[in-house]
Amino acid sequence: MAFDFDNPYEISVFTTLHPDGEVAHSVGEPTRTRLLSELPILAGAAPYTTLLLADGIELHHQPASTDVDNPIATTLAARYGYEGFTLRGAVYITGDSGESDTATGMELDPFDALYRALHEAADTAGIRLYRKIRPEDTVTVAYDDYVPGDVFWFLGTSHRVLRFEDMDPQSVTAQENPGARVMICDDEFKITALPGSIFPERADRAPAGFWQRTGHQLLPASR
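Residues numbered from 1 in each chain as written. Predicted model: local features only at pLDDT ≥ 70, side-chain atom pairs only at ≥ 80, totals over all residues. Heavy atoms only, no water.

Draft legend 1. Fine view of the overall build of the protein. In terms of helices and strands, the protein carries four helices and 15 strands. Projected onto the principal axes, the alpha-carbon positions of the protein cover approximately 65 × 35 × 35 Å. For the protein, buried positions account for 42% of its 223 residues. Residue pairs in contact within the protein that sit at least 24 positions apart in sequence constitute 59% of those at least 6 positions apart. As displayed, the protein offers around 12500 Å² of accessible surface, 50% of which is attributable to carbon and sulfur atoms. Taking the average place of the 17 positive charges on the side chains of the protein and the average place of its 34 negative ones, the gap between the two points comes to 7 Å. (Helix = DSSP H or I, 4+ residues; strand = E, 2+ residues; numbered from the N terminus. Buried < 20%, exposed > 50% of the residue type's maximum accessible area, 1.4 Å probe, protein only. Contact = heavy atoms within 4.5 Å. Areas by Shrake-Rupley, 256 points an atom, 1.4 Å probe, with all protein chains shown as cover. Lys, Arg positive; Asp, Glu negative; His and termini not counted. Charge placed at Lys NZ, Arg CZ, Asp CG, Glu CD.)

This is the structure we're talking about:
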């Protein structure tokens, strides 16, 4: 996801959480708003209901939804004091609405708190959160995601991973980073692979190990 805002630390985020664990974060300019009554996921036989989770975090849901239960949303609401609620269908999470029909997005700090709370609620509910990602989006890949045969991209050039070798235990890098390895490719390209190291990559260049580790889904290329 590319950002070209004047200040990348001033953003707004709207989050949609589906019953099966799919989560979508819409990130944009801090001045964005949403007219809640026009959102399809909040339409239904009754007016949508808003739960104030914390300052700058509101959860909106359709109380008359006939969709399946949303265990993560229910667990999330309980963490913020709404025990006994059973939320159904997709829910929409925003910043402040001021008890009006127009909501702003979450600012960075509230979104960071929500992000952590979502993952904790998912762990409690025993459901894995996942995102549907476009091929051109940026994801965070780890060296540990790669296995021999995978294609590794570096500065716009592709290399095919041949093997990993442990670093000389006497080297400074190995002593400072236990478990450090060297990724060796079939064209003799080499790069140090530190344990736990991550880096940004285009989604359509991420190896299979990334998708297995995260559970995210790669969308087909747009036509």
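Continuing now.
Draft legend 2. Seen up close, the side chain of His60. Along the chain, His60 falls in strand S5 (residues 57–61). His60 gets classed as buried once you look at its relative accessible area, which sits at 0%. Within the local environment of His60, its side chain forms a polar contact with the side chain of Thr50, the two groups lying 2.8 Å apart. A distance of 2.8 Å separates polar atoms of two side chains, one belonging to His60 and the other to Thr94. Discounting residues that sit within four places of it in the chain, His60 has contacts with Leu36, Leu42, Tyr48, Thr49, Thr50, Val91, Tyr92, Thr94 and Ser97. (Polar contact = N/O pair within 3.5 Å; in protein donor to acceptor, adjacent residues only side chain to side chain.)

Draft legend 3. Quick peek at the pattern of salt bridges. Inspection of the entire model under this criterion finds 10 salt bridges. Asp145 is the salt-bridge partner of Arg213, the closest N and O atoms lying 2.8 Å from each other. You can see Arg213 sitting in helix H4 (residues 208–214) and its partner Asp145 sitting in the loop between strand S9 (138–142) and strand S10 (151–154), a full 68 residues away along the chain. With relative accessibility at 42%, the residue Arg213 sits in the partly exposed group. When salt bridges with common partners are traced through the structure, they connect Arg134, Glu136 and Asp137 into a single cluster. (Salt bridge = Lys/Arg side-chain N within 4 Å of Asp/Glu carboxyl O.)

Draft legend 4. Region of interest: the packing of helix H1 (residues 71–79) against helix H2 (residues 108–125). Axis separation between H1 and H2 bottoms out at 8 Å; the angle between their running directions is 115°. Taken as a pair, H1 and H2 cross one another with a handedness that is right-handed. Packed against H1, whose contacting residues are Pro71, Ile72, Thr75, Leu76 and Arg79, the element H2 presents Leu114, Ala117, Leu118, Glu120, Ala121, Ala122, Thr124 and Ala125 at the interface. Its residues placed into classes, the contact of H1 with H2 shows nine nonpolar, two polar and two charged. (Axes fitted to C-alpha atoms, helices over the stretch in contact; angles between N-to-C directions. Left-handed = near helix turned anticlockwise from the far one by under 90°. Nonpolar A, V, L, I, M, F, W, Y, C, P; charged D, E, K, R; others polar.)

Draft legend 5. Seen up close, the layout of surface pockets. Here the largest pocket is characterised by a volume of approximately 930 Å³. Lining the largest pocket are 32 residues, and of these His25, Tyr115, Arg131, Ile133 and His216 lie nearest its centre. At the level of elements, strand S2 (23–28), H2, strand S8 (132–133), S9, strand S14 (198–202) and H4 are the ones that each hand at least two residues to the lining of the largest pocket. The biggest single contributor to the lining of the largest pocket is H2, with five residues. In terms of residue class, the lining of the largest pocket is made up of 18 nonpolar, six polar and eight charged. (1 Å grid on protein atoms, 1.4 Å probe; cavity = no way out; pocket = protein on both sides within 12 Å on 5 of 7 lines; lining within 4 Å. Points joined across faces, edges and corners; volume = space filled by probe spheres on them.)

Draft legend 6. Molecular detail of a negative patch on the surface. Taken together, the side chains of Glu10, Asp55, Asp96, Glu107 and Asp109 present a region of like negative charge at the surface. By the element assignment, Asp96 lies in the loop between strand S6 (91–94) and strand S7 (102–104). Exposure remark for Asp96: the relative accessible area of 44% places this residue in the partly exposed category. (Patch = residues over 30% accessible without salt bridge, like charges linked within 9 Å, V, L, I, M, F, W, Y side chains within 5 Å.)

Note that all results are geometric; they support no functional claim without further evidence.
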